[in-house]
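# An overview of the molecular structure
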Amino acid sequence: MGAQLRVYRRRIRSTRSMAKITRAMELIATTRITKAQRAVEAAEPYAREINRAVSAVAGRVDEHPLLNEAENPTRAAVLVITSDKGLAGPYTTNAIKEAESLGALLEQQGKEPLLYVVGSKGIAYYQFRKRTMEQTWEGITERPSYKHAREIGSALMDRFIQETEEGGVDEIHIVSTEFISMLTQRAASRRALPLKVEEVDKEQLEQEQGGALPLYDFEPSREEALDQLLPQYVANRIYFALLESAASQHASRRNAMKAATDNAEELVQNLTRQANQARQAEITNEISEIVGGADALTGASAGSE
C-alpha cells in the first residue's frame, strides 16, 4: 500500500502545480479582456461614423461598381479570424465551423469561396486538411492594430476590384467572433462588400440617435468620395472584427482556464480522499500484522509451557 500512497501524493503535487498555472493564465486573460474591451469602445465611435458616411454617399449614388451586385457571381472572398494560441476553449473551433457553414452556403449558390485566414490555429487547421488559402496572417490576433487591418483590407480590396475573368472576387465576407459578454461569445459572418443600402425612416433614425442627422457635402463628386471611403470602410470593418475577436479570445481563454482550475481543485480533493483511504488501509493492515504477530508469539509461549 505504500507504493499506492506515493502514487496518489505524486498526482496531487502535479495537479496542484497545474492548477497554479491555469489560475495564472486565468488572471492574465482577465486583465487582457479589460484592455481589449477598452480598445473596442475606443474604436466604436469611428466605426459608427464611417458607416454613416458611407451609407450617406451610397444612398446618393445611382451606379457604382463597388455597390452593384454581379449578375452571376462566381467567387467570394472569406476572411476567417482565428487564434494564434491555444487553450482558448471553443473559440477557434466555433469560428471555423461558421466559416465552413458559410462556405457550404456559398457553394450551394454557385460561388467559389476563397479563404483568407488570420491566426496560426486556423492556418494549421486548413493546412492539415490540404485546403488552399489565398493569403494568411499570423501573430496579430491578440493585439491587433489598424495597420494590420489596413494590410488585410488592401489585399481583399485588390481582389475585389480585379475583374472576375482575371480571378477577382464578387463578394467579401468576414467571419469573426462577437463579444456578447464575459461568458458568451458568438461566431458570426457578415458580408462587407457589396454594400446593402437599406431605406430607413429619417425621423425614426434621428430619434434613436438623439439628434438630427449630419449633412454631407461631397467634393469633387459623390463617386470619387465613395472611392476614397470604401477602402477605409472595409479596413475599419476588419479592424473592428479583429478587436472584437481579440476580446472574445481572451474571454474564452479565461473561461477555459477557470474551468480547468476548478477541475484541478476538484481532482485534488478526490485524490486526497483516496490517499487518506489508502493510508488508513495501510495503517489498518500494519495493526493487523502486529496483532497477528503478537497472537502468534502468545500461542507459541503457551505451547512451550
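Residue indices begin from 1 for each chain and proceed along its sequence in written order. This being a predicted model, a pLDDT of at least 70 is required before a residue's local features are given, and a value of 80 or more before pairs of side-chain atoms are given or counted; all residues contribute to the totals for chains, interfaces and linings. In computing side-chain values, all of the structure's heavy atoms are included and hydrogens and water are not.

## Section: the overall build of the protein
- Helices and strands together make up the secondary structure of the protein, namely 6 helices and 5 strands.
- Here the term buried applies to any residue with accessible area under 20% of the maximum for its type, exposed to any over 50%, and partly exposed to those in between, with areas from a 1.4 Å probe on protein chains only. Across the 305 residues that make up the protein, the buried fraction comes to 39%.
- Contacts between residues were defined by any pair of non-hydrogen atoms, one from each residue, lying within 4.5 Å. Within the protein, counting contacts between residues at least 6 apart in sequence, those at least 24 apart form 77% of the total.
- Only the protein chains shown count as covering a residue, and every accessible area follows the Shrake-Rupley method with a 1.4 Å probe. A total accessible area of about 17800 Å² is found for the protein, and carbon and sulfur atoms account for 49% of it. A run of H or I in DSSP counts as a helix once it spans at least four residues, and a run of E counts as a strand once it spans at least two, with each numbered from the N terminus.

## Here we look at the UniProt feature "coiled-coil region" (unreviewed entry) in the protein
- UniProt annotation of "coiled-coil region" (unreviewed entry) refers to residues 254-284 when read in the numbering used here.
- Between the first and last C-alpha atoms of residues 254-284 the distance is 45 Å; the span itself is 100% helix and 0% strand. UniProt positions are given in the numbering used here, feature names are shortened, and annotations may be inferred rather than shown by experiment.

## Some words on the pairing of strand S2 (residues 112-118)
- Burial analysis of S2 places 5 of its 7 residues in the buried class, the great majority of the element.
- What makes two strands pair is DSSP finding at least two bridges between them. Alignment of strand S1 (residues 75-81) against S2, held across 7 bridges, turns out to be parallel. Bridge pairing in S2 links Ile81 to Val118.
- With respect to chirality, the unit in which S1 leads through helix H2 (residues 91-108) into the neighbouring parallel S2 is right-handed.
- Of the pairings in the sheet, the one linking S2 to strand S3 (residues 133-137) comprises 4 bridges and is parallel in character. Pairing of Val118 across the sheet is with Trp137, part of S3.
- Taken together, S2, helix H3 (residues 120-128) and S3 form a β-α-β motif whose crossover is right-handed. Throughout, right-handed denotes a crossover for which the path from the first strand over the helix to the second runs clockwise when the strands point away from the viewer.

## A few points about helix H4 (residues 146-161)
- To estimate how far a helix should reach, multiply one less than its number of residues by 1.5 Å. Relative to the 22 Å expected for 16 residues at 1.5 Å per residue, H4 spans 21 Å between its end C-alpha atoms, a close match to the ideal helical length.
- Listed in full, the buried residues belonging to H4 are Ala149, Ile152, Gly153, Ala155, Leu156, Met157, Arg159 and Phe160.

## Some words on a nonpolar patch on the surface
- Patch members must show over 30% relative accessible area and no salt bridge, and they are joined within 9 Å when carrying like charges or within 5 Å when they are nonpolar side chains of Val, Leu, Ile, Met, Phe, Trp or Tyr. For this document, the term salt bridge refers to a Lys or Arg side-chain nitrogen within 4 Å of an Asp or Glu carboxyl oxygen. Judged by side-chain polarity, Ile283, Ile287 and Val291 come together as a nonpolar surface patch covering roughly 240 Å² of accessible area.
- Note on placement: Ile283 falls in helix H6 (residues 222-304).

## Let's talk about the side chain of Gln249
- Along the chain, Gln249 falls in helix H6.
- A relative accessible area of 0% means that Gln249 is categorised as buried.
- With sequence-adjacent residues up to four places away left out, Gln249 is seen in contact with Ser83, Asp84, Ala88, Tyr91, Thr141 and Glu142.

## Considerations on the side chain of Thr92
- In this structure, Thr92 sits in helix H2.
- With a relative accessible area of 13%, Thr92 lands in the buried category.
- In protein, a polar contact means a hydrogen-donor-capable atom and an acceptor-capable atom, both N or O and within 3.5 Å, with residues adjacent in sequence counting only if both atoms are side-chain atoms; elsewhere, any N or O pair within 3.5 Å suffices. Within the structure, the side chain of Thr92 is placed 3.4 Å from the backbone nitrogen of Ser83, a separation counted as a polar contact.
- What Thr92 contacts, discounting residues up to four positions off in sequence, is Thr82, Ser83, Lys121 and Gly122.

## Quick word on the nonpolar core
- Leu79, Ile152 and Ile238 are the most contacted members of the largest nonpolar core, which has 39 residues in total.
- Of all the secondary structure elements, the ones that give two or more residues to this core are helix H1 (2-58), S1, S2, H4, strand S4 (171-179), strand S5 (185-193) and H6.
- In terms of residues, this core owes the most to one element, H6, which gives 10 residues.
- Setting aside its immediate chain neighbours within four residues, Ile152 contacts Leu79, Val118, Trp137, Ile140, Ile238 and Leu242.
- We define a nonpolar core as any set of buried Ala, Val, Leu, Ile, Met, Phe, Trp, Tyr and Cys residues linked to one another through side-chain atoms lying within 4.5 Å. Counting 13 residues, the second-largest nonpolar core is a separate cluster that includes Ala76, Val78, Leu106 and Met133.

## A closer look at the environment of Thr74
- Along the chain, Thr74 turns up in the loop between H1 and S1.
- A residue is classified by how much of its surface remains accessible, and Thr74, at 34% relative accessible area, is partly exposed.
- Between the alpha carbons of Thr74 and Thr164 there is a distance of 7.7 Å; along the sequence they are 90 residues apart.

## Describing the pattern of salt bridges
- Across all of its chains, the model carries 12 salt bridges by this definition.
- In this structure, the salt-bridge partner of Arg32 is Glu142, at a minimum N-O distance of 3.4 Å. Remark: Glu142 occurs in the loop between S3 and H4 and Arg32 occurs in helix H1; sequence separation between them is 110 residues.
- Residue classification places Arg32 among the partly exposed residues on the basis of a relative accessible area of 30%.
- Note on Glu142: relative accessible area 18%, which makes it buried.
- In this structure, Arg159 and Glu134 form a salt bridge, with 3.1 Å as the shortest nitrogen-oxygen distance. On the criterion of sequence distance, the pair formed by Arg159 in helix H4 and Glu134 in strand S3 is long-range, its members being 25 residues apart.
- Owing to a relative accessible area of 18%, Arg159 belongs among the buried residues under this scheme.
- Here the salt bridges share partners, and the residues they tie into one network are Arg32, Lys85, Glu142 and Arg253.

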